[in-house]
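# Descriptive analysis of the structure
Below, each chain spelled out in residue letters.
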Amino acid sequence: MKTTFLDTCFSKKTSYTPVWYMRQAGRYLPQYKKIKENKNILDVVRNPELAAKISLQPVDILGVDASVLYADIMIPLLGIGVDLEIVESIGPVIKSPIQSLKDIKKLRNLEPDEDIPYLFKTIRILKKELKVPLIGFSAAPFTLASYLIEGKPSRDFVKTKTFMYAQPKAWSLLMEKLTSLIIIYLQSQIDAGVQVIQLFDSWVGCLSEEDYAQLVLPYSKKIFQDLKTSIRERKKKQSNKKEIAAPSSMTHNDVPFIHFGTNTAGMLGPFSSVDCDVVSIDWRMPIPKAWKAIGYDKAIQGNLDPAILLGDFSLIKKKVDELFDSLPKRDGYIFNLGHGVLPTTPMENIIKLTEYVHSK
């Protein structure tokens, strides 16, 4: 098992810079399009053999240093019976958006083995095939809440903010329920064998720093704290039983946590205050400034603008050179984009980019 990516997550010195891309398993790859064809993403996710095959494609084709589980951030909501569909060119659409405390009380707990067994079968298949770490993930409470309230993707999140301000008790209960859901969801992924966890708070940048710190951050903190505590307790039990695996093997002791958000430049202090190992940033803030705000004790991931990959490779190379020249240090730096790979990205560009970063 290649451990370069894991070592970098823990800010250890490595011989080269590891690379992976958000949304690397999917829509820009001809091989992916051939498998998916006219199938809905949720149908593919529920087919472990297909989902595993798609997760493996970027590792084989691009040579990236980690595989990301092919899933969707709506899976835990789907698991608890939320009536939703993924609409092409729109995204998640929820039939009956949340409007009141009564709606929130109807949300039940997740029973992973019964509700989403296909996800764990996918993980088991990948564990047998992969020679790089497997990244599991979940959306954060605010991001899931925004979908549940808006009913579909939003640009301004007016309904979500209105709900948050006008119904504080209902908001608190919703965030508590989603926090519990996510902890169970991510713990089940760790138990199944994923070796890295990334928590996506994709839309949190719509909030002020004060609202984020008061109304959202405590719930994200609890997710990281509870999962870290679980890992520490497991490690202690293993130590007591003298069952600690060799350092080169992957155990529950080795799970790093990544916190990802967009438009977080104005709140990087509180955003990075969670008990994570890596903070992922978008392209709106230069890495030296972001890393200083985050603190050099944590690793950093990012942050090339995905749109740059649509241009000529000479431009890509120039931007990558500028990024590496600006780094205050190399230990603890993971190369990635500031968000997901765009559907129209030429595959040749991303293959060459991966090779070039590995050579830096």
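Residues numbered from 1 in each chain as written. Predicted model: local features only at pLDDT ≥ 70, side-chain atom pairs only at ≥ 80, totals over all residues. Heavy atoms only, no water.

## Observations concerning the overall build of the protein
The cut-off we apply is this: Here a strand is any run of E in DSSP of at least two residues, a helix any run of H or I of at least four, and the numbering for each starts at the N terminus. Type-normalised accessible area, obtained with a 1.4 Å probe on protein chains alone, sets the label of each residue: buried when under 20%, exposed when over 50%, and partly exposed for intermediate values. In what follows, a contact means two residues having at least one pair of non-hydrogen atoms within 4.5 Å. For the area figures, the Shrake-Rupley method with a 1.4 Å probe applies, and any residue is considered shielded solely by the protein chains shown. The sign given to each residue is positive for Lys and Arg and negative for Asp and Glu; His and the chain ends receive no count. Where a charge lies is defined by one atom per residue type, namely NZ (Lys), CZ (Arg), CG (Asp) and CD (Glu).
Assigned secondary structure in the protein consists of 17 helices and 9 strands. Along the three orthogonal principal directions, the C-alpha set of the protein runs to about 55 × 50 × 45 Å. Buried positions account for 56% of the 360 residues belonging to the protein. Summarising the internal contacts of the protein: among those between residues at least 6 apart in sequence, 74% fall at separations of at least 24. Accessible surface, the protein as shown: approximately 15,700 Å² in total, 51% of it carbon and sulfur. For the protein, the distance from the average position of its 48 positive side-chain charges to the average position of its 40 negative side-chain charges is 1 Å.

## Observations regarding the pairing of strand E9 (residues 333-337)
Condition: Here the rule is simple: two strands pair whenever DSSP picks up at least two bridges between them. Handedness of a crossover is defined as follows: orient the strands so they point away from the viewer, and if the path from the first strand over the helix to the second runs clockwise, the crossover is right-handed.
Most of E9 is tucked away: 5 of the 5 residues are buried. Residues Tyr333, Phe335 and Leu337 line one face of E9 and the alternating positions Ile334 and Asn336 line the opposite face, and both faces are buried. Bridge count for strand E8 (residues 299-304) against E9 is 5 bridges, and the pairing is parallel. Bridged to Gln301 within E9 is Ile334. With respect to chirality, the unit in which E8 leads through helix H16 (residues 313-326) into the neighbouring parallel E9 is right-handed.

## Describing the sheet that holds strand E7 (residues 278-280)
Spatial ordering of the open sheet is given by E1-E4-E5-E6-E7-E8-E9, a layout of 7 strands whose pairing is parallel. Here the strands that pair on one side only, and so sit at the sheet edges, are strand E1 (67-68) and E9. Bridge analysis of strand E4 (residues 134-139) against strand E5 (residues 196-201) gives 5 bridges, and the strand direction is parallel. Opposite Ile135, over in E5, you have Val196 as the bridge partner.

## Here we look at unusual backbone geometry
Here the residue pair Gly302 and Asn303 is connected by a cis peptide bond, since its omega of -5° sits within 30 degrees of zero. Relative to the assigned elements, Asn303 resides in strand E8. Of note, Asn263 is a non-glycine position whose phi angle comes to about 55°, a positive value. Positionally, Asn263 belongs in the loop between strand E6 (257-261) and helix H14 (268-271). What makes Asn263 partly exposed here is its relative accessible area of 37%.

## Remarks on the confidence of the model for the protein
This is how it is decided: In predicted models, pLDDT denotes the confidence assigned by the predictor to each residue on a 0 to 100 scale.
Within the protein, residue pLDDT values average 93, and 97% of them lie at 70 or more. Within the model, the stretch residues 244-252 combines pLDDT values under 50 with 13 contacts to residues more than four positions away or in other chains.

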